[in-house]
Amino acid sequence: MPATYGLIDGNSFYCSAERAFDPALRHVPVVVLSNNDGCAIARTPEAKALGIKMGDPWHLVRGRAELRPVRWMSSNYTLYGDMSRRVYQVLAERVPRVEPYSIDEMFLDLDVPRDLALFCAELRQEVLHIAKVPTCVGWGPTKTIAKLANGLAKDFSELGGLCDLTDPAERAAWYQRLPVGEVWGIGGRTQEKLARLGIESIADFVEADPRIMRDLLTVVGGRVQMELRGTSCLPLQMMVATRKGLACTRAFGRPVTQWSEMREAVAAYAHRAAEKLRAEDLEACHLAVFIHTDPHAPGERYEHLQHAARIEPTSDSRDLIAEAVRMAEGLWQDGRRWVKAGVVLNDLQPAGRQARLFATREPRASAKTMAVMDAINRQHGAGTLRPAAIGIAQNWGTRRTMLSPRYTTRIGEIMRVRAF
């Protein structure tokens with residue numbers, strides 16, 4: 001285990017990714033919206049200062065006079081994922097090990113022969129210079145302390161985006177000031193349990209009897225307490241655990257009332273789920289499909305219908321599309337206004353692990369076909385080659401009226417520089 005862990009976190013990451021390619025956004029309030037342009041999921045400091053809260057519905061707040069300067073953006077997850085990859089690459093070249101924790105957070109092994117304050121300041125500058133993403137960095141002797149330090153670096157501007165909690169006396173001072181709810185892994189219900197015992201601050205939690213904490217919060221809570229005391233219990237994960245399941249689900253841009261559109265949507269979701277399988281060299285042995293109506297629509301009874309079954313292990317888009325469409329057809333009911341559908345894959349296993357005694361498909365031919373399609377899409381852009389079943393216009397698709405270009409992953413949307 002490293003002697004010192006760091007956590008680097010992108011500031012308003014989705015908004016920063018948008019600003020990286022559009023200079024006009026750099027000094028105005030920016031808000032990124034959820035799927036179907038629903039509600040705020042990322043806000044720049046300027047947007048927060050105007051009173052926009054996380055989860056504010058766009059259709060309710062967009063008309064407020066004081067919000068006229070705000071630039072509202074549809075979520076562009078293709079861009080954000082690629083920007084996260086770029087940040088990772090910068091870090092991987094400069095620290096011994098990197099563990100991605102989320103799209104905008106990464107744990108770092110900071111066992112480097114350098115002054116850590118100077119090194120982390122340089123690291124922030126390198127990420128900003130190369131990946132164009134502003135960040136904050138916190139570090140300490142455990143992951144939990146590094147996570148706490150990162151939160152302080154973000155919340156207290158006087159720290160300059162950097163927070164060092166390696167010194168026990170410095171930690172103790174912060175522990176006295178901060179409520180226990182600031183700790184990674186302690187949610188609202190856990191905080192309520194601790195409050196009933198008179199534990200309000202992080203210092204109270206750290207000083208509590210470990211046996212009582214384990215009995216109250218199980219071994220997980222005991223581990224958090226040990227981490228806060230400076231004993232590392234959570235090593236860096238250098239290998240991602242094999243998934244047990246994955247899903248592709250979307251709310252439609254408008255209610256779907258025609259089977260032809262539902263068939264396209266389910267086929268598209270099955271194809272995307274298959275791409276995820278192949279990217280991780282996995283196959284699925286269980287498939288579930290669901291469709292449902294709007295539970296809040298006046299006069300419409302909520303229906304959430306699901307069909308699930310075991311399937312022959314596969315990651316072939318064609319196989320999964322055929323099975324998913326067949327299942328969805330059994331769920332379909334005319335006359336309803338369907339608002340969401342999804343394809344869920346479970347019982348995942350490494351590709352080609354099991355011999356198929358009574359196989360109905362040729363796995364080698366399937367793998368070659370899918371490999372060709374994936375290679376073409378990597379070279380020329382996602383969706384260049386795709387199954388006809390997923391449709392072309394996809395009028396049922398997610399509503400994204402303010403979508404920025406996919407600057408780094410679509411050759412047709414790459415930035416152009418004009419010579420004057």
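Within every chain, residues take consecutive numbers counted from 1 along the sequence as written. Only residues with pLDDT of at least 70 are given local features in this predicted model, and only at 80 or more are side-chain atom pairs given and counted; all residues enter the totals for whole chains, interfaces and linings. Hydrogens are left out, water is left out, and the side-chain values use all remaining heavy atoms of the structure.

J.: Honestly, the sheet that holds strand S10 (residues 282-293) in this entry has me stumped. Any pointers?
T.: Backbone-to-backbone hydrogen bonds pair the strands of a sheet. The strands run either parallel or antiparallel. At least two DSSP bridges between two strands are required for those strands to pair. Secondary structure counts use DSSP, requiring at least four H or I residues in a row for a helix and at least two E residues in a row for a strand, with both numbered from the N terminus. Reading across from one edge, S9-S12-S10-S11 is the order of the four strands in this open sheet, with antiparallel pairing throughout. What marks the edges here is a single partner per strand, and that holds for strand S9 (245-256) and strand S11 (304-314). Averaged over all neighbouring strand pairs, the angle between strand axes comes to 15°, with direction disregarded. Residue contacts are defined here by distance: any two heavy atoms, one from each residue, within 4.5 Å place the two residues in contact. An axis is simply a line fitted to the C-alpha atoms; with a helix, the fit covers only the stretch in contact. Between two such axes, the angle follows the N-to-C directions and lies from 0 to 180 degrees. Running at roughly 155° to S9, helix H11 (residues 259-279) makes contact with S9, S10, S11 and strand S12 (338-350) of the sheet.

J.: Sorry, what's going on with the UniProt feature "domain: UmuC" (unreviewed entry) in the chain here?
T.: Taking the numbering used here, the UniProt-annotated feature "domain: UmuC" (unreviewed entry) corresponds to residues 5-187. End-to-end, the C-alpha atoms of residues 5-187 are 23 Å apart, and along that stretch the chain is 40% helix and 20% strand. UniProt positions are given in the numbering used here, feature names are shortened, and annotations may be inferred rather than shown by experiment.

J.: Would you take a moment to explain unusual backbone geometry for this structure?
T.: Despite not being glycine, asparagine 36 shows a phi value in the positive range, around 60°. Mapped onto the elements, asparagine 36 comes out in the loop between strand S2 (30-33) and strand S3 (40-43). Burial here depends on accessible area, computed with a 1.4 Å probe over protein chains only, as a share of the maximum for the residue type. Under 20% is buried, over 50% is exposed, and the range in between is partly exposed. Using a relative accessible area of 9% as the deciding quantity, one classes asparagine 36 as buried. Despite not being glycine, glutamine 394 shows a phi value in the positive range, around 50°. Relative to the assigned elements, glutamine 394 resides in the segment after helix H13 (363-380).

J.: Can you help me understand the packing of helix H6 (residues 143-155) against helix H10 (residues 210-228) in this one?
T.: Packing of H6 against H10 leaves a shortest axis separation of 7 Å and a crossing angle of 70°. Relative to H10, the element H6 lies roughly perpendicular. Along the contact surface, H6 presents Lys143, Thr144 and Ile145, while H10 presents Val224, Glu227 and Leu228. Its residues assigned to classes, the contact of H6 with H10 shows three nonpolar, one polar and two charged. Any angle between 65 and 115 degrees counts as roughly perpendicular, while under 35 counts as roughly parallel, over 145 as roughly antiparallel, and the rest as oblique. By the convention adopted, Pro, Cys, Tyr, Trp, Phe, Met, Ile, Leu, Val and Ala count as nonpolar, Lys, Arg, Asp and Glu as charged, and the other residues, Gly among them, as polar.

J.: Is there a simple way to explain the packing of aromatic side chains in this structure?
T.: Here a Phe, Tyr or Trp ring, Trp counted by its six-membered ring, pairs with any other such ring whose centre lies within 6.5 Å, and the pair is stacked when the planes are under 30 degrees apart, edge-to-face when over 60, and tilted otherwise. Scanning all chains against the criterion turns up 13 aromatic pairs. Both rings, one in tyrosine 14 and one in tyrosine 80, keep their centres 4.3 Å apart while their planes meet at 10°; by these two values the pair is stacked. On the criterion of sequence distance, the pair formed by tyrosine 14 in helix H1 (residues 13-21) and tyrosine 80 in helix H4 (residues 77-92) is long-range, its members being 66 residues apart. Residue class for tyrosine 14 comes out buried when judged on its relative accessible area of 17%. Given the relative accessible area of 0%, tyrosine 80 is considered buried. Pairwise contacts between aromatic rings join Phe13, Tyr14, Tyr77 and Tyr80 into one cluster. The residue whose ring lies beneath arginine 62 is tryptophan 58, and the NZ or CZ to ring-centre distance is 4.3 Å. The ring of phenylalanine 107 has lysine 143 sitting right over it, with the charged end atom 4.9 Å from the ring centre. Here, over-ring charges are defined by two tests on the NZ atom of lysine or the CZ atom of arginine: distance to the ring centre within 6 Å, and angle to the ring normal within 35 degrees.

J.: Quick question: what am I supposed to make of the sheet that holds strand S4 (residues 71-74) here?
T.: Read from one edge of the open sheet, three strands run S3-S2-S4, paired in mixed fashion. The open sheet has two free edges, formed respectively by S3 and S4, since each of these has just one partner strand. Ignoring strand direction, the axes of neighbouring strands in this sheet form an average angle of 30°. Where S2 lies against S4, four bridges are found, and the strand directions are parallel. Within S4, the residue paired with leucine 33 across the bridge is serine 74. In the packing of H1 onto the sheet, the strands contacted are S2, S3 and S4, and the crossing angle to S2 comes to about 115°.

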